Amino acid sequence: MGAGANNGPFLLYAKFGQRWDKIFDETGQRVRQMKTTARGWKDLEVWAHNSAYESTRMVYRFDGTRYSPLSCRVVRYTIDEWDKPNRKPIYEPCDRILR
């Protein structure tokens, strides 16, 4: 996700033994802990602002050394080229490659 209007960096470091490691480095509008966990660490949800009518929702899971992408959805609030509003948001898979 590139930085844009209302998006900023989110960095998370954890201490393993005597050293601090960066375990999360993403850009978005907000980040929150989810109820689901992996290896004792909560999954993270990041929302990024793409435009007035579109956002991206990424979910990250801790793999033992860092947070890795688990899922990605683009959330659209308009359906047609005239930006006619929807009653409910439309969730679609991201084009972004999950590594």
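Predicted, not measured: the structure shown is a model, and the values here were computed from it.

(A) Molecular detail of the overall build of the protein. When its secondary structure is counted, the protein shows zero helices and seven strands. Secondary structure elements of the protein occur, N-terminal to C-terminal, as β-β-β-β-β-β-β. A burial count over the protein gives 32% of its 99 residues as buried. The long-range share in the protein, meaning contacts at least 24 apart out of those at least 6 apart in sequence, stands at 26%. On the protein, roughly 7,000 Å² of surface is accessible, and the fraction owed to carbon and sulfur atoms is 50%.

(B) Structural view of unusual backbone geometry. Located in the positive-phi region is arginine 39, a residue other than glycine, with phi close to 55 degrees. Inspection of the secondary structure puts arginine 39 in the loop between β3 (30–38) and β4 (41–51).

(C) Examining the sheet that holds strand β6 (residues 67–78) more closely. As summarised here, the arrangement of the five strands in space is β3-β4-β5-β6-β7, forming an open sheet in which the pairing is antiparallel. At either end of the open sheet lies a strand with only one pairing partner, and these are β3 and β7 (85–93). Neighbour to neighbour, the strand axes of the sheet diverge by 25 degrees on average, direction disregarded. Where strand β5 (residues 54–62) and β6 come together, nine bridges link them in antiparallel fashion. Bridge assignment links glutamate 54 to a residue of β6, and that residue is arginine 76.

(D) Representation of the state of the cysteines in the model. A complete count under the given rule lists one disulfide for this structure. There is a disulfide in this structure between cysteine 72 and cysteine 94, and the S-S distance comes to 1.8 Å. Taking the sign of the torsion about the S-S bond as the criterion, the disulfide between cysteine 72 and cysteine 94, at about -70 degrees, is left-handed. Of this pair, cysteine 72 sits in strand β6 while cysteine 94 sits in the segment after β7, and the two are 22 residues apart along the sequence. Of the two residues, cysteine 72 and cysteine 94, neither departs from the other in class, the shared state being buried.

(E) Representation of the packing of aromatic side chains. Per the stated rule, a full pass over the model turns up six aromatic pairs. Consider the rings of tryptophan 41 and tyrosine 67, whose centres lie 6.4 Å apart with planes at 80 degrees: the pair is edge-to-face. With tryptophan 41 in strand β4 and tyrosine 67 in strand β6, this residue pair connects regions lying 26 residues apart in the sequence. Assessed through its relative accessible area of 27%, tryptophan 41 is described here as partly exposed. With relative accessibility at 6%, the residue tyrosine 67 sits in the buried group.

Thresholds applied
Residues numbered from 1 in each chain as written. Predicted model: local features only at pLDDT ≥ 70, side-chain atom pairs only at ≥ 80, totals over all residues. Heavy atoms only, no water. Helix = DSSP H or I, 4+ residues; strand = E, 2+ residues; numbered from the N terminus. Buried < 20%, exposed > 50% of the residue type's maximum accessible area, 1.4 Å probe, protein only. Contact = heavy atoms within 4.5 Å. Areas by Shrake-Rupley, 256 points an atom, 1.4 Å probe, with all protein chains shown as cover. Pairing = 2+ DSSP bridges. Axes fitted to C-alpha atoms, helices over the stretch in contact; angles between N-to-C directions. Disulfide = S-S within 2.5 Å. Phe/Tyr/Trp six-rings, centres within 6.5 Å; stacked < 30°, edge-to-face > 60°.

Note that every value here comes from positions in space, so none of it alone points to a role or purpose.
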